[in-house]
Amino acid sequence: MDESRLFIPLNIGNIEIKNRIGMAGVSRFRADDQHVPTDLMKEYYCQRASVPGTLLITEPNLISKRNVGLRNAPGLFTREQTAAWKTIVEVHMRASYIFAQLCVLKHEILGKEATIIRGPGTISLDTDLPTTKAMSIEEIKDTVQDFVRAAKNAAEAGFDGVELLGATGDLIDAFTQEDTNQRNDEYGGSVENRSRFLHEVMKAVAHAIGIKRVGLCLSSGSTSQDIRLKKNAALQFTDVIKRADDLKIAYIHLTEPRIAESNGIRDNEWLDFACTAFRGPILIQGGYNSKLAKNLVDGRHPDKDIVVMLGRYFTSNPDLVFRIQHDLEFTPYSQQDLFATKSFKGYTDYAFSKEYLGSLNILTQLLC
Ligand SMILES: Cc1cc2nc3c(=O)[nH]c(=O)nc-3n(C[C@H](O)[C@H](O)[C@H](O)COP(=O)(O)O)c2cc1C
C-alpha cells in the first residue's frame, strides 16, 4: 500500500476527498442529440467513481440553448438534462464526489449550417473559424445568467459543485486573454476589465449555489507556454487568481503548459506562481503518471494542497486510483476512441484490474 501524500484526505469546499488523484474533464460526446446525458454515460461515470472518495470533474456541460456548438456534449440548461444528470449523480453520491464542468463555447449554431462565433471582440485565434461577433453588454449579462441557471440545475441534480471552464480558448478565457479581448468598454482595455466577466460569473454563481461549490479551471495562455515570457499574461493571471482567492472559491484547477522535465521531476513555473497567489487547494493536470504525481505532492510541493488530475488515463483505467495506490500498470488509452460519438467502444469497455476486482465484494460493484 502506498504511503504517498496522494492518499491523505483533503477538504475541498464542502467535501472531503479521500485521495488526491482526480479525474479531469475530458469531452467524450456520448450525450444524445438534445444534449441529454445517457445511460452509457451513467455507466462510464459510475465505473470511474469506483474508488471511494475520489473527485471527478465531468466533461464540459453546455449552459444555454443559444450555445450548443458541441454536438453530443451534455447540457445543464433543460429539465430533462438536469433529471438525467441526477440519475448519474445519485450513483456517485454513495462514494465519490463530482463537480460539473460548465462551459461556453464561442460557437453558436443557427439552423443547420450557419455558425456564429461569439466573443469579446472580433478577433479569434482560431483561423479556421469564421470571424467572431463581438458580444453586446446585454449578451454578456445574459451569459452570466446562463451560468447561474446551469449552476442551479447542477445543484438540483446533486453535484457537489461546478467548475467554470476558463481555459484553452473558451469564452471566459477569450475575455481574460489580451490576445482575444481588445474591447475598450468595461470588459476590456485593462487587466481589471479583462477579469470582469469571469469575476461576475464567479460571484453570480457563488450567490446562487454557495462559494464552496465553485471551482475554476484555467490555462496559462493559448499563445504563450511560459508566463514568465509574457509579462502581461502574468499580470492578468495574478489578477484572476487573486480574485478567486479573495472570493475563497473551493479550488482552482490548472491545465499545465509545456513543462521542463528531467529524471521525473518537473520544473513548473506556472504552478509555482499559482501556489503563491491562491491559498486554497490547487488541482493540476497535464501529462501525469504515478511517478510524476508522487514527485509533485511528496517532493516538490509537500506543504501545498495539490490534487493531481488525470485525463486520458482515466478514460482507459476505471480503477486508476487503485492502480496508482498499488503500483499497477495503466491500460493504454485509444486516441481514436476518445471522440467516438455515442459509442461504448473505448468508453465503458475498459477492464478493471484483476487486483481491484479481487479486492472487492462483487455485490458492491453490482449496485452500480
Ligand atoms: C479528448 C480530450 C478532450 C478534452 N476535453 C477537455 C474538456 O472538455 N475540458 C477540459 O477542461 N479539458 C479537456 N481536456 C484536457 C484534459 O482534461 C487534460 O488536461 C489533458 O488530457 C491532459 O491531461 P492528461 O495528460 O492526464 O490526459 C481534454 C483532453 C482530451 C485528450
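Please read these numbers as outputs of a predicted model, since none were measured by experiment.

Draft legend 1. Expanded view of the nonpolar core. Judged by nonpolar contacts, the single largest core of 81 residues is most densely connected at F147, L164, F197, L216 and I252. Not counting residues up to four positions away in its chain, the partners in contact with I252 are L216, I241, A244, A274, F278, P281, I282 and L283. Counting 14 residues, the second largest nonpolar core, distinct from the first, contains I17, I57, Y251 and M309.

Draft legend 2. Broad picture of the environment of H326. Here H326 is to be found in the loop between helix 10 (320-325) and helix 11 (354-358). Once the C-alpha coordinates of H326 and Y356 are considered, the two residues, 30 residues apart in sequence, prove to be 9.4 Å apart.

Draft legend 3. Representation of the pattern of salt bridges. Taken as a whole and judged by the stated rule, the model has 14 salt bridges. A salt bridge links D239 to R243, with the shortest nitrogen-to-oxygen separation between them at 2.8 Å. Highlighted residues: D239 and R243, both in helix 6 (residues 231-247), separated by four residues, approximately one helical turn. Between K354 and E355 there is a salt bridge; the shortest N-O distance is 3.4 Å. Judged by its relative accessible area of 35%, E355 falls in the partly exposed class.

Draft legend 4. Quick look at the site of the ligand. Near the ligand, the surroundings consist of 15 residues, among which G25, S27, Q285, G287 and R312 are the closest. A distance of 2.8 Å is found between an oxygen atom of the ligand and a backbone nitrogen or oxygen belonging to G311. Protein chains shield 82% of the accessible area of the ligand, which is 600 Å² for the free molecule.

Draft legend 5. Highlighting the sheet that holds strand 4 (residues 55-62). With respect to topology, eight strands assemble into a closed barrel ordered 3-4-5-9-10-11-14-15, the strand pairing being parallel. Recorded for the sheet is a direction-independent mean angle of 30 degrees between the axes of neighbouring strands. Running at roughly 170 degrees to strand 15 (residues 306-310), helix 8 (residues 290-300) makes contact with strand 14 (282-285) and strand 15 of the sheet.

Draft legend 6. Focus on helix 3 (residues 137-157). An ideal rise of 1.5 Å per residue puts 30 Å on 21 residues; helix 3 measures up with 30 Å between its terminal C-alpha atoms. Among the residues of helix 3, those classed as buried are E139, I140, T143, V144, D146, F147, V148, A150, A151, N153, A154 and A157. Just downstream of helix 3, G158 is the residue with a positive phi angle, here 100 degrees.

Draft legend 7. Geometry of unusual backbone geometry. Although it is not a glycine, F29 sits at a positive phi angle of roughly 60 degrees. Checked against the element boundaries, F29 lands in the loop between strand 3 (21-23) and helix 1 (39-48). Assessed through its relative accessible area of 14%, F29 is described here as buried. A positive phi angle, near 65 degrees, is found at K342, a position not held by glycine. Following the sequence through the fold, K342 ends up in the loop between helix 10 and helix 11.

Draft legend 8. Fine view of the packing of helix 3 against helix 5 (residues 191-209). Here helix 3 crosses helix 5 at 35 degrees, and the two axes come no closer than 9 Å. When the axes of helix 3 and helix 5 are compared, the crossing they make is right-handed. Residues I140, K141, T143, V144, F147, V148, A151, K152 and A155 of helix 3 form the contact with helix 5, whose participating residues are F197, E200, V201, A204, V205, A208 and I209.

Draft legend 9. Focus on the packing of aromatic side chains. Applying the stated criterion across every chain, the model contains twelve aromatic pairs. On the basis of an interplanar angle of 35 degrees and a centroid distance of 4.6 Å, the ring pair of F175 and F197 is categorised as tilted. Here the residue F175 occupies a position in helix 4 (residues 171-176), and F197 occupies one in helix 5, the gap between them amounting to 22 residues. With a relative accessible area of 1%, F175 lands in the buried category. Arranged with centres 5.4 Å apart and planes meeting at 65 degrees, the rings of Y313 and Y333 form a pair that is edge-to-face. With Y313 in helix 9 (residues 312-316) and Y333 in the loop between helix 10 and helix 11, this residue pair connects regions lying 20 residues apart in the sequence. Aromatic rings pair up to connect Y44, Y45, W85, F159 and Y347 into one cluster.

Draft legend 10. Spotlight on the side chain of Q236. Along the chain, the position of Q236 falls in helix 6. Q236 sits in the buried class, given a relative accessible area of 3%. In this structure the side chain of Q236 is engaged in a polar contact, spanning 2.9 Å, whose partner is the side chain of R194. Each residue touching Q236, except ones within four places of it in the same chain, is listed here: T176, V191, R194 and S195.

About the criteria used
Residue positions are given per chain, counted from 1 along the sequence in the order it is written. Whole-chain, interface and lining totals are the exception, using all residues; otherwise, since this is a predicted model, local features are given only for residues with pLDDT of at least 70 and side-chain atom pairs are given and counted only at 80 or more. The side-chain figures draw on all heavy atoms in the structure; neither hydrogens nor water molecules are used. The criterion is simple. A nonpolar core is a set of buried Ala, Val, Leu, Ile, Met, Phe, Trp, Tyr and Cys residues joined through side-chain atoms within 4.5 Å. Note on exposure labels: buried denotes an accessible area under 20% of the residue type's maximum, exposed denotes more than 50%, and partly exposed covers the range between, all computed with a 1.4 Å probe on protein chains only. Note on definitions: a residue-residue contact is assigned when non-hydrogen atoms from the two residues lie within 4.5 Å. Segments assigned H or I by DSSP are reported as helices when at least four residues long, segments assigned E as strands when at least two residues long, and all are numbered from the N terminus. Any Lys or Arg side-chain nitrogen located within 4 Å of an Asp or Glu carboxyl oxygen qualifies as a salt bridge. Think of it this way: one heavy atom of a residue within 4 Å of a molecule or strand is enough to make that residue near it. Under this definition, polar contacts are N or O atom pairs within 3.5 Å; protein pairs additionally need one hydrogen-donor-capable and one acceptor-capable atom, and for neighbouring residues in sequence, both atoms have to be side-chain atoms. Working definition of accessibility: Shrake-Rupley area with a 1.4 Å probe, residue cover restricted to the visible protein chains. Following DSSP output, two strands are said to pair if at least two bridges run between them. Here the axes come from fitting lines to C-alpha atoms, over the contacting stretch only for helices, and the angles between their N-to-C directions go from 0 to 180 degrees. In this analysis, the expected span of each helix is defined as 1.5 Å times one less than the number of residues it contains. Put simply, a crossing is left-handed when the front helix is turned counterclockwise from the back one by less than a right angle, and right-handed when it is turned clockwise. Aromatic rings from Phe, Tyr and Trp, taking only the six-membered ring of Trp, are treated as a pair when their centres fall within 6.5 Å; an angle between ring planes under 30 degrees marks them as stacked, one over 60 as edge-to-face, and anything in between as tilted.

Functional significance is not addressed by these values, which are geometric in nature.
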